[in-house]
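Observations on the three-dimensional arrangement
Here's the letter readout for the chains.
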Amino acid sequence: MFNCGLEFDCLLKVGSYNIFMNVVRYYPFAGLLFALFYLWKKSNFFRYKIQEKYPNVDKIKKEIVQSFVTLIVFSGIATTVYILNKLDVIHTKMYRDPELYGGVSYMILSFILITIWHETWFYWAHRIMHHKKIYSYVHAVHHQSVNPTPIAAYNFHWIEAIFEGIYVVPFLLVLPMYYPVFLVHTFYAMFLNMYFHSGFEFYPKGFTTNRFFKWVNTSTHHNLHHSKFNGNYSLYFNFWDRVMGTNFKQYEESYEKVVQKRDFFQKSEELTPIQ
Ligand SMILES: [Zn+2]
Ligand SMILES: [Zn+2]
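The model shown is predicted, which means the values in this text are computed figures rather than measured ones.

What follows concerns unusual backbone geometry. The phi dihedral of tyrosine 101 falls on the positive side, at around 55°, and the residue is not glycine. Note on placement: tyrosine 101 falls in the loop between strand E1 (94-95) and helix H4 (104-129). Despite not being glycine, phenylalanine 229 has its phi angle at roughly 75°, a positive value. Within the secondary structure layout, phenylalanine 229 lies in the loop between helix H8 (219-228) and helix H9 (239-244). Its 15 C-beta neighbours within 10 Å are what place phenylalanine 229 among the partly exposed residues.

Structural data, given as C-alpha cells:
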C-alpha cells in the first residue's frame, strides 16, 4: 500500500504494514474457526469431525507459534518484492486502475489463472518436499500435526514458508493482476487452507465419486495426507493427484466413512427422545 521510496523509515512502514496485515487476517480467522469447532460448539460439530480424537494442547501451541514464523516470511517476501521493484530489479504487474486490460473479464481470467498456477506450484513443490532427502529437514514440521486444526494451515518450517509464499512472484512478473483481485485470491487461498486443516468435513455424500465434484478437493483429502503422509498432495483440485496416480487408494472409501459417521450421529440424535 505504501509507495514512499527506499528510505529506512519507509521500509520500516512497509515491513510493519505487511506483518500487521498478515497477522490480523490469519490469527483472528483461524482462532474463530478453532473456537467454534473445538471449544464453543464442540459437541454440535462432533459429527463432522474427520478423526474422532482431538489433538493435544501442546501440538496446538506449536501450530500457533510456527504459524507466526510463516507470517514473518510472507511479510518478508512482500517487502523484498517492494524493494526489488523500487530498485528496478524486477517489475511486477500489479495494477490499480479497474479499467485496464478489459475490466472485469480480465480480472476473472487472472483469478482463474493464478488458481491454476498455485495448484500446479503447490502440488510439485509439495511432492519435492516429500522426497526422503528433504522431508525430515523441512516438511516434517508441517506433518507434526497428524490431526490438524485450522491453526495448522500456516504451520511451516521457514524454508517451506518461502516456497508457500513465493509462487505469486513469477506469476506477477508475467501477468498483470488488479490489486483487489490479488487480495481476494490470497484470502481465498488462506480460507481454503484453514478448511482443509480444520479436521472437519462438511461436503455431502458421494462428493468424491461425482463426475464433476471428484475434481475438487475435500477437507478429508488433506486430513488423510496428515494422518497417512505419502499421498494426496494436491491443493484446491484433485487434478494432479488423479493424473499422477497419487491419491490414496482408500480416499473415496475413507470420505464415505466420514459422511456415514456424520449421518449415524445425526440419526441417533433424532431418535433420542426429548427428556
Ligand atoms: Zn505433506
Ligand atoms: Zn497440511
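Looking at where histidine 118 falls in the secondary structure, it is placed in helix H4. Histidine 118 gets classed as partly exposed once you count the C-beta atoms within 10 Å, which come to 19. A sequence separation of 117 residues divides histidine 118 from leucine 235, and the C-alpha atoms of the two residues are 8.4 Å apart.

This part takes up the environment of isoleucine 50. Mapped onto the elements, isoleucine 50 comes out in the loop between helix H2 (42-45) and helix H3 (57-86). The spatial distance from the C-alpha of isoleucine 50 to the C-alpha of arginine 262 is 9.2 Å, given a sequence separation of 212 residues. Sequence-distant contacts of isoleucine 50, defined by excluding residues within four places in its chain, comprise Gly199, Phe200, Glu201, Ser219, Thr220, Asn223 and Val258.

One finds Ala30, Leu33, Phe34, Phe37, Ile151, Ala153 and Tyr154 to be the most contacted residues of the largest nonpolar core, which totals 25 residues. Breaking this core down by element, the ones donating at least two residues are helix H1 (8-40), H3 and helix H10 (251-271). No other element matches H1, which puts six residues into this core. In this structure tyrosine 154 touches Tyr26, Ser67, Thr70 and Leu71, once residues within four positions along its chain are discounted. Judged by nonpolar contacts, the second largest core, of six residues, contains Val168, Leu172, Met177 and Phe182.

This paragraph deals with the packing of H4 against helix H7 (residues 179-196). Following both chains from N to C, one finds H4 and H7 inclined at 40°, their axes separated by 10 Å at the closest point. As far as their axial angle goes, H7 and H4 are oblique. H4 and H7 meet at a crossing whose hand is right-handed. Within the contact between the two elements, H4 uses Met107, Ser110, Phe111, Ile114 and His118 and H7 uses Val181, Val184, His185 and Ala189. When its residues are assigned to classes, the contact of H4 with H7 shows six nonpolar, three polar and no charged.

The rules behind the values
- Residues numbered from 1 in each chain as written.
- Chains lettered and ligands numbered in written order.
- Predicted model: local features only at pLDDT ≥ 70, side-chain atom pairs only at ≥ 80, totals over all residues.
- Helix = DSSP H or I, 4+ residues; strand = E, 2+ residues; numbered from the N terminus.
- Buried ≥ 20, exposed ≤ 12 C-beta atoms within 10 Å, placed from the backbone.
- Contact = placed C-beta atoms within 7 Å.
- Core = buried A, V, L, I, M, F, W, Y, C linked by C-beta atoms within 7 Å.
- Axes fitted to C-alpha atoms, helices over the stretch in contact; angles between N-to-C directions.
- Parallel < 35°, antiparallel > 145°, perpendicular 65-115°, else oblique.
- Left-handed = near helix turned anticlockwise from the far one by under 90°.
- Nonpolar A, V, L, I, M, F, W, Y, C, P; charged D, E, K, R; others polar.

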